[in-house]
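Structural overview
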Amino acid sequence: ISDGSVRTDDKETIFPGIYIGSVDVSGMTAEEAREAVTQFVDSEKSFLMNLDIGDTQIPATTGDVGLCWGNTRVVDQAMALGRQGNAVRRFKMKKALEKGSYTFDLKYDIEDEKARSFLENRCAPECNKEPVEPTMEASGSSLQVIDGQNGCTLRVDESVEAIRNYL
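None of these values were measured; they are calculated from a predicted model. Along every chain, residues carry numbers that run from 1 in the direction the sequence is written. Residues qualify for local features only when their pLDDT is at least 70, as the model is predicted, and side-chain atom pairs are given and counted only at 80 or more; totals for whole chains, interfaces and linings, by contrast, use all residues. To get the side-chain values, all heavy atoms of the structure are used, and hydrogens and water are removed first.

The next point concerns the overall build of the chain. Here a helix means four or more residues in a row that DSSP labels H or I, a strand means two or more in a row labelled E, and each is numbered from the N terminus. For the chain, the helix and strand inventory stands at five helices and nine strands. With C-alpha atoms as the basis for the radius of gyration, the globule rule is written as 2.2 Å multiplied by the number of residues raised to the power 0.38. In terms of overall dimensions, the chain is more spread out than a globule: its C-alpha atoms have a radius of gyration of 26 Å, far above the 15 Å expected for 167 residues. The C-alpha extent of the chain, read off along each of the three principal axes, is 100 × 25 × 20 Å. Out of the 167 residues belonging to the chain, those deemed buried represent 34%. Only heavy atoms enter the contact rule, under which two residues are in contact if any of them lie within 4.5 Å. Pairs at least 24 apart in sequence give 58% of the contacts found in the chain among residues at least 6 apart. In these tables, accessible area is a Shrake-Rupley quantity obtained with a 1.4 Å probe, and a residue counts as shielded only by the protein chains included in the view. As displayed, the chain offers around 10900 Å² of accessible surface, 48% of which is attributable to carbon and sulfur atoms. As used throughout, the charge tally considers Lys and Arg to be positive and Asp and Glu to be negative, leaving His and the chain termini uncounted. We put the charge of a Lys on NZ, of an Arg on CZ, of an Asp on CG and of a Glu on CD. Placing the 19 positive and 29 negative side-chain charges of the chain at their respective mean positions leaves the two points 14 Å apart. When a residue's accessible area, from a 1.4 Å probe over protein chains only, is under 20% of the maximum for its type it is buried; when over 50% it is exposed; and in between it is partly exposed.

What follows is the structure in structure tokens.
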């Protein structure tokens, strides 16, 4: 069969012209496509960013906060494209792929535990501060006012969601 769906070793492959994000998965088996997209997402884990927490900026990589691939089932959708529906629908999809490409969205997510661990172990110690009440000190015949300081507590769960939404 030479419809682009079968290799010489009889494994089903994704039709030509299909992408997941920027990854061309044409001609790949489902397992090969998963591996290719996983490798791409892994390569994205080195991007630097700053977490702005109050007045503090903490540098981190996307890998530090647990960047991962959020829609892994899209490989099944890519595999099914051009294979579902009646014969006319399958034929139309194959013809459309011959003329151009089809791109599935690649969605990012974060691993909650990794993000939580980074926030608790790296960010919280720098950000959490007890409030300091303002005071006055008498020095000879003058009175000196010593400014207080606002307290700060990192809200980890809200921060995890903020990172997820950002990525």
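Relative to strand β4 (residues 56-61), strand β3 (residues 48-53) runs antiparallel, the two being bridged by six bridges. Across the sheet, residue Leu48 finds its bridge partner in β4, namely Thr61. Between β3 and β4, which pair antiparallel and follow one another directly, the connecting turn spans two residues, one of which, Gly54, has a positive phi of 65°. Only when DSSP finds a minimum of two bridges between them are two strands counted as paired.

Confidence of the predictor in every single residue is expressed as pLDDT, which spans 0 to 100. Mean pLDDT over the chain: 88, with 93% of residues reaching 70 or higher. Counting interchain partners and residues more than four positions distant, the pLDDT-below-50 stretch residues 1-10 has 18 contacts.

Helices are assigned an expected span. That span is 1.5 Å times one less than the residue count. Across its 13 residues, helix α3 (residues 87-99) extends 19 Å between first and last C-alpha, which sits within 8% of the 18 Å expected from 1.5 Å per residue. Two N or O atoms form a polar contact when they lie within 3.5 Å of each other; inside protein one atom must be a possible hydrogen donor and the other a possible acceptor, and for residues adjacent in sequence the pair counts only when both atoms belong to side chains. Looking at where α3 begins, the residue whose side-chain oxygen comes 3.1 Å from the main-chain nitrogen of Val88 is Asn86.

Across a regular strand the side chains alternate sides, sitting on one face of the sheet and then on the other. Inspection of the sheet shows strand β8 (residues 135-139) paired to strand β9 (residues 142-146) by five bridges, in the antiparallel sense. By the bridge assignment, Ser139 is partnered in β9 with Ser142. Connecting β8 to the antiparallel partner β9 that follows it, the hairpin turn spans two residues, and Gly140 within it adopts a positive phi of roughly 65°.

Let us look at the packing of aromatic side chains. Geometrically, a pair of aromatic rings is defined through the distance of the ring centres and the angle of the planes. In summary, the pairing rule links any two rings of Phe, Tyr or Trp, Trp by its six-membered ring, whose centres are within 6.5 Å, and it sorts them by plane angle into stacked for under 30 degrees, edge-to-face for over 60 and tilted for everything else. Under the criterion given, the structure shown has one aromatic pair. Look at Tyr102 and Phe104: their rings are 4.8 Å apart centre to centre, the planes differ by 65°, and that puts the pair in the edge-to-face class. Note on Phe104: relative accessible area 10%, which makes it buried. Positioned above the aromatic ring of Phe15, the side-chain terminus of Arg83 is 4.3 Å from the ring centre. The rule is short: NZ of Lys or CZ of Arg within 6 Å of the ring centre and within 35 degrees of the ring normal puts a charge over the ring.

At any given residue, the bend is defined as the angle formed between two axes, one fitted to the seven residues that end at that position and one fitted to the seven that begin there. Maximum bend of helix α4 (residues 112-127): about 35°, positioned at Glu120. Where α4 is concerned, the buried positions are Ala115, Arg116, Phe118, Leu119, Cys123, Ala124 and Cys127. Buried positions along α4 lie against β3, β4, β7 (108-110) and α5 (156-166).

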